[in-house]
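Each chain is listed here by its residues.
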Amino acid sequence: MRKLSLFIAMSLDGYIAKPNDDLSFLKIVEKEGEDYGYADFNSQIDTIIIGRKTYDYVLKEIGSSHYDNGQRDVYVITGTERPKVGRTTFYTGDITELINHLKSGKGKNIYCDGGAQIINELLKHQLIDEFTISVIPILLGGGTRLFKDGRPEQALEFITAKTFETGLVQLKYKRRK
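The following refers to the structure shown. (Residues numbered from 1 in each chain as written. Predicted model: local features only at pLDDT ≥ 70, side-chain atom pairs only at ≥ 80, totals over all residues. Heavy atoms only, no water.)

**Brief notes about the overall build of the protein chain**
Move 1: When helices and strands are counted, the protein chain shows four helices and 10 strands.
Move 2: Reading the helices (α) and strands (β) of the protein chain from amino to carboxyl end gives β-β-α-β-α-β-β-α-β-α-β-β-β-β.
Move 3: The globule rule puts the C-alpha radius of gyration for 177 residues at 16 Å, and the 16 Å found for the protein chain is close to it.
Move 4: By principal-axis analysis of the C-alpha atoms, the protein chain measures approximately 40 × 40 × 30 Å.
Move 5: The buried share of the protein chain, taken over its 177 residues, is 43%.
Move 6: Across the protein chain, contacts joining residues at least 24 apart in sequence account for 72% of those joining residues at least 6 apart. (Helix = DSSP H or I, 4+ residues; strand = E, 2+ residues; numbered from the N terminus. Rg over C-alpha atoms; globule rule 2.2 N^0.38 Å. Buried < 20%, exposed > 50% of the residue type's maximum accessible area, 1.4 Å probe, protein only. Contact = heavy atoms within 4.5 Å.)

**Looking at the nonpolar core**
Move 1: Ranked by size, the top nonpolar core spans 26 residues in total, and within it Leu4, Ile49, Ile119, Leu122 and Ile128 carry the most contacts.
Move 2: Breaking this core down by element, the ones donating at least two residues are β1 (4–11), β4 (73–77), α3 (95–104), β6 (109–112), α4 (116–124) and β7 (130–136).
Move 3: Looking at this core element by element, the count peaks at five residues for α4.
Move 4: Setting aside its immediate chain neighbours within four residues, Ile128 contacts Leu4, Leu6, Ile119, Leu122, Leu123 and Arg175.
Move 5: Ranked by size, the runner-up nonpolar core spans 13 residues in total, among them Tyr38, Val74, Val76 and Tyr111. (Core = buried A, V, L, I, M, F, W, Y, C linked by side-chain atoms within 4.5 Å.)

This is the structure we're talking about:
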């Protein structure tokens, strides 16, 4: 069975974005030649789940090929129907049904890239199998929290912790079953 993995960065105080969905704080750990394991992680997935706001931000800042590189399926979770573009599907249905369908199919792992609303919906249904959380050395004081209240308690099993000279600390866990 395929796994659903979260690979995301947050501030030390638990925010994945500043107010107004501003992700500029991520730039403080940019370093030439350092991808914090993203390329290796990316080689293990062939499907991406992403919220519409995160998708729109990345589309504007990086371009559509960041997600839809022609080699994987992309599901943008949205409330507004839109036609499919390449391998990008704008999904308006029940996210738990989508994830259960994808997990039962063949292929590599599934990557959830946010946003917080999507992540927390998946957590409510205990659908995230692995967590890679990069902690950025900054206290934002406000914005969008990674983990919201109102989800069930979930025990995690520690896999690794890795530190980088930029001050980023990357934590890896898997959900206990």
